[in-house]
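Chains, contacts and geometry: an overview
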Amino acid sequence: MTDLQQPQVPGVATEVHSMYDTILILDFGSQYSHLITRRVREAGVYCELLPCTQKIDDLHFKPTGVILSGSPYSVYDKDAPRVDPKVFELGVPVLGICYGLQEIAWNHGGRVDPHDKREYGHAIVQIDRHESHPTANLLFEGIGAETKVWMSHGDQLSVMPEGFRVIGHTATAPYAAIAHEEKLMFGIQFHPEVTHSEQGVKILSNFVLGVCKCRSNWSMDSFVEKEIERIRAIVGTDAEVVGAVSGGVDSTVAAKIMHSAIGDRFHAILVDNGVMRLNECETVKEQLSNKLGINLKVVDASEEFLGRLKGVTDPERKRKIIGNTFIEVFEREAAALDKENEAKGRGKIEYLLQGTLYPDVIESISFKGPSATIKTHHNVGGLLEDMRLKLIEPLRELFKDEVRALGKVLDIDEELVWRHPFPGPGLAIRVLGEVTKAQVDICRQADHIYLSEIRAAGLYRKISQAYAALLPIRSVGVMGDQRTYEQVIALRAVETTDFMTADWFPMPVEVLKRMSQRIINEVRGVNRVVYDVSSKPPSTIEWE
Ligand SMILES: Nc1ncnc2c1ncn2[C@@H]1O[C@H](COP(=O)(O)OP(=O)(O)OP(=O)(O)O)[C@@H](O)[C@H]1O
Ligand SMILES: O=c1[nH]c(=O)c2[nH+]cn([C@@H]3O[C@H](COP(=O)(O)O)[C@@H](O)[C@H]3O)c2[nH]1
Ligand SMILES: NC(=O)CC[C@H](N)C(=O)O
Ligand SMILES: [Mg+2]
């Protein structure tokens, strides 16, 4: 998934960079780098985050401006990440944030030293304006004499780099913001991307719109039209496309775009893996066919999946088995479709549609290399390395909230757009221990009651993800004067924006009471319900 190139068609604008001005954000490992990306997009400007080790000569587009992120490193560390100095020869504006400022200074004859006090938290920047140098004022255009910002640094600029002037200072940092008017280079010691910096969004938009003069045309409306055109250009007039579609918002939005582009040359496939939620396959088929006009084939492979999961209790093995079986089923279906098409004199299936999102791409490009594997997230296409089909990933530049906005533009039902994510391995990683049909049924029923009660209480949209898990233990209870010795259901609900970190949701007690009562009364085999009050980290969202 590290390859950022999409299929190319000579003479046709199939490349995102030919349609939008692009801000290049170079990531030096700050925790906030992806937030810079979000903010620039919010200003209506397309941008891409690449590792700071990116060589400018290898870049396949010319950025309209460059932003250098913060970093946990110090510029004087022996192993400090270094920017390719050619960035400064591109002749486009550059903005350095925190480490980025220090890196600009370091490269232009300035000095950076550790400060006796680390500065972490709020600070006030006094803005220094220069009447006879209007360009230097551009970054803080429209902002008053001072502004509240958020700082997180231990080093600071001690000697100004050549040709730069101070455009902002704080009580402890005399060079908190600097500018070079001819080179259009700016540096700020604080973090405009975090919400604690009150004018942060304005400062970033001043840079991308005022300094870089980017066109502000990145909107989901314009994206749909351009994407449909791009797909048509890539696929041409004969080729056909398959796509694994789960009913989740990502694959649904991707499928809708593909369908709009090529109609019935797109074949959507939903695999019933035996670990879907109650009535899920029917509901998804209904929604996609009736409401979106997408022809979805449901392939029942439940026996195959459950058969292979027999006796398996290890979470990673479950994930691998499911991932591999998905591929086998999918390849089989694609081959069958190819045969059918051949008989009908239709084109060959040449492409595979995937709902990959930008966070997946960002995660796979970290300059520090891949992080430890906590869980193997299954992804149908992600594992199809030796497949002859070429990938089409319409959402690979988008964040989840952009995908949801796109869903609205495409007139997809609110209910679908705001659907909680559901993992590919489904209930298999929510039935802890061995996955049998009987166990899946218990989990499925409890999950259905739980989600219905969440909806009835009007809480579905407040919660980012909720589900019931079946624990592989028994506990003693009493029912109708009889001793029971049955299983435990754990209810999980979290609030999160990026699913990388999450807080447990404070479920109202009254609602919990109803849920627990209903599950114990209605689901055979369960005599106890517990509510999960763990955050991520140190826990994860799924139990396995
Ligand atoms: N049962 C399934 N049948 C077919 N494809 C599936 C199935 N489950 C998952 N997939 C494929 O795996 C991809 C990754 O799943 P993932 O859950 O991350 O995305 P999603 O289901 O589209 O959206 P969401 O994250 O909101 O659930 C999906 O986009 C889809 O292509
Ligand atoms: O498509 C998927 N395939 C998987 O294998 C998988 N594992 C976890 N998830 C989803 O990812 C998010 C984070 O989950 P964790 O905190 O448990 O890692 C949550 O939204 C999880 O539901 C998966 N999605
Ligand atoms: N947030 C940052 O970019 C910090 C940069 C550098 N590590 C410092 O402490 O000053
Ligand atoms: Mg899903």
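The rules behind the values
Residues numbered from 1 in each chain as written. Chains lettered and ligands numbered in written order. Predicted model: local features only at pLDDT ≥ 70, side-chain atom pairs only at ≥ 80, totals over all residues. Heavy atoms only, no water. Helix = DSSP H or I, 4+ residues; strand = E, 2+ residues; numbered from the N terminus. Buried < 20%, exposed > 50% of the residue type's maximum accessible area, 1.4 Å probe, protein only. Contact = heavy atoms within 4.5 Å. Pairing = 2+ DSSP bridges. Axes fitted to C-alpha atoms, helices over the stretch in contact; angles between N-to-C directions. Phe/Tyr/Trp six-rings, centres within 6.5 Å; stacked < 30°, edge-to-face > 60°. Lys NZ or Arg CZ within 6 Å of the ring centre and 35° of its normal. Near = heavy atom within 4 Å. Polar contact = N/O pair within 3.5 Å; in protein donor to acceptor, adjacent residues only side chain to side chain. Areas by Shrake-Rupley, 256 points an atom, 1.4 Å probe, with all protein chains shown as cover. Nonpolar A, V, L, I, M, F, W, Y, C, P; charged D, E, K, R; others polar. UniProt positions renumbered as here; feature names shortened; annotations may be inferred. Domains from an automatic or database assignment. Buried area = accessible area lost by both parts, 1.4 Å probe. Salt bridge = Lys/Arg side-chain N within 4 Å of Asp/Glu carboxyl O. Core = buried A, V, L, I, M, F, W, Y, C linked by side-chain atoms within 4.5 Å.

**Description of the environment of Glu453**
Considering the arrangement of structural elements, one finds Glu453 in helix H14 (residues 437-456). Overall, Glu453 belongs to the buried group, its relative accessible area being 9%. For Glu453 and Ala239, which are 214 residues apart along the polypeptide, the C-alpha to C-alpha distance reads 46 Å. If sequence neighbours within four positions are ignored, Glu453 has contacts with Val511, Arg514, Met515 and Arg518.

**A short note on the sheet that holds strand E13 (residues 349-353)**
As a general point, the strands of a sheet are linked pairwise by backbone hydrogen bonds and lie either parallel or antiparallel. Taken in spatial order, the five strands make up an open sheet running E12-E11-E10-E13-E14, and their pairing is parallel. Whereas interior strands pair on both sides, the edge strands pair on one side only; in this sheet they are strand E12 (296-300) and strand E14 (390-392). Across this sheet, the average inter-strand angle for adjacent strands is 30°, counted without regard to direction. Of the strand pairs in this sheet, strand E10 (residues 240-244) and strand E11 (residues 266-272) are connected by four bridges, and their pairing is parallel. Paired with Gly243 across the strands is Ala268, a residue of E11. Running at roughly 155° to E11, helix H7 (residues 249-262) makes contact with E10, E11, E13 and E14 of the sheet.

**What about the packing of aromatic side chains?**
Per the counting criterion, the structure on display carries nine aromatic pairs. Ring plane angle 45° and centroid distance 4.9 Å describe the contact between Tyr46 and Trp218, whose orientation is recorded as tilted. Residue Tyr46 is located in strand E2 (residues 46-51), and its partner Trp218 is located in the loop between helix H5 (200-211) and helix H6 (220-235); the two are separated by 172 residues in the primary sequence. In this structure Tyr46 comes out as buried when scored by relative accessible area, which is 0%. Aromatic side chains Trp218 and Phe223 sit 5.6 Å apart centroid to centroid with 75° between the ring planes, which places their arrangement in the edge-to-face category. Each member of the pair, Trp218 together with Phe223, is buried. A network of ring pairs unites the aromatic residues Tyr20, Tyr46, Trp218 and Phe223 as a single cluster. Above the face of the Tyr358 ring, Arg41 is positioned so that its terminal group lies 5.1 Å from the ring centre. A cation over an aromatic ring shows up here: Arg430 above the ring of Tyr467, its NZ or CZ 3.9 Å from the ring centre.

**Details of the site of ligand 1**
With respect to spatial proximity, 19 residues lie near ligand 1, and among them Ala244, Ser246, Ser251, Val271 and Phe422 are the closest. In this structure, Ser251 approaches ligand 1 through a main-chain N or O atom, which is 2.8 Å from an oxygen atom. Considering ligand 1 on its own, with 590 Å² of exposed area, one finds that the protein chains cover 89% of that surface. Of the residues that constitute the shell around ligand 1, the class distribution is eleven nonpolar, six polar and two charged.

**Here we look at the UniProt feature "binding site: ATP" (unreviewed entry) in the protein**
Here the UniProt-annotated "binding site: ATP" (unreviewed entry) positions come out as Ser246, Gly247, Gly248, Val249, Asp250, Ser251 and Thr252. Relative to the helices and strands, Ser246 is located in the loop between E10 and H7. If near-sequence neighbours (up to four positions away) are discounted, Ser246 is found in contact with Ser251, Leu270, Met276, Val284 and Arg419. Of the polar contacts made by the side chain of Ser246, one reaches the backbone nitrogen of Gly248; its length is 3.0 Å. Assignment of secondary structure puts Gly248 in the loop between E10 and H7. Overall, Gly248 belongs to the buried group, its relative accessible area being 18%.

**A look at the domain arrangement of the protein**
Often the size quoted for an interface is simply the accessible area lost on bringing the parts together. Segmentation of the protein into domains returns domain 1 (20-211), domain 2 (220-418) and domain 3 (437-531). Measuring from the centre of the C-alpha atoms in domain 2 to the corresponding centre in domain 3 gives 29 Å. Residue-level contacts link nine residues of domain 2 with nine residues of domain 3. Of the roughly 880 Å² buried at the junction of domain 2 and domain 3 (both faces included), carbon and sulfur atoms supply 59%. Contact with domain 3 buries area across many residues of domain 2, yet Arg277, Leu278 and Trp418 alone supply 51% of it, more than any other trio. Its salt-bridge partner being Glu414, residue Arg461 comes within 3.3 Å of it at the nearest N-O pair. For the pair domain 2 and domain 3, the interface holds three residue pairs in polar contact (both at pLDDT 80 or more). Looking at the side of domain 2 that touches domain 3, its residues break down into five nonpolar, one polar and three charged.

**A word on the nonpolar core**
Judged by nonpolar contacts, the single largest core of 97 residues is most densely connected at Phe266, Leu406, Tyr450, Ile454 and Met507. Residue assignment places this core across two domains, with domain 2 (220-418) and domain 3 (437-531) each supplying three or more. Ignoring any residue separated from it by four or fewer positions in sequence, one finds Ile454 in contact with Leu459, Tyr460, Ile463, Ala466, Met507 and Met515.

**So, the sheet that holds strand E4 (residues 94-97)**
If you trace the nine strands from one edge of the open sheet to the other, you get E2-E1-E3-E4-E9-E8-E7-E5-E6, paired in mixed fashion. The open sheet has two edge strands, E2 and strand E6 (146-159), and neither has a second partner. The mean angle between the axes of side-by-side strands here comes to 20°, regardless of whether they run parallel or antiparallel. Judged from the four bridges that link them, strand E8 (residues 177-180) and strand E9 (residues 185-188) form a sheet pairing that is antiparallel. Paired with Ile178 across the bridge in E9 is Gly187.

**Focus: the pattern of salt bridges**
What the rule picks out here adds up to 33 salt bridges. The salt bridge partner of Arg165 is Glu181, with a shortest N-O separation of 2.7 Å. Taken as a pair, Arg165 in strand E7 (residues 165-169) and Glu181 in the loop between E8 and E9 lie far apart in primary sequence, 16 residues in all. Across the pair Glu542 and Arg430 runs a salt bridge whose closest N-O atoms are separated by 2.8 Å. A residue pair is termed long-range when its members are at least 10 positions apart, and Glu542 in the segment after strand E18 (526-531) and Arg430 in the loop between helix H13 (414-417) and H14 qualify at 112 residues. Several salt bridges converge on common partners, so that one network encompasses Arg38, Arg41, Asp401 and Glu402.

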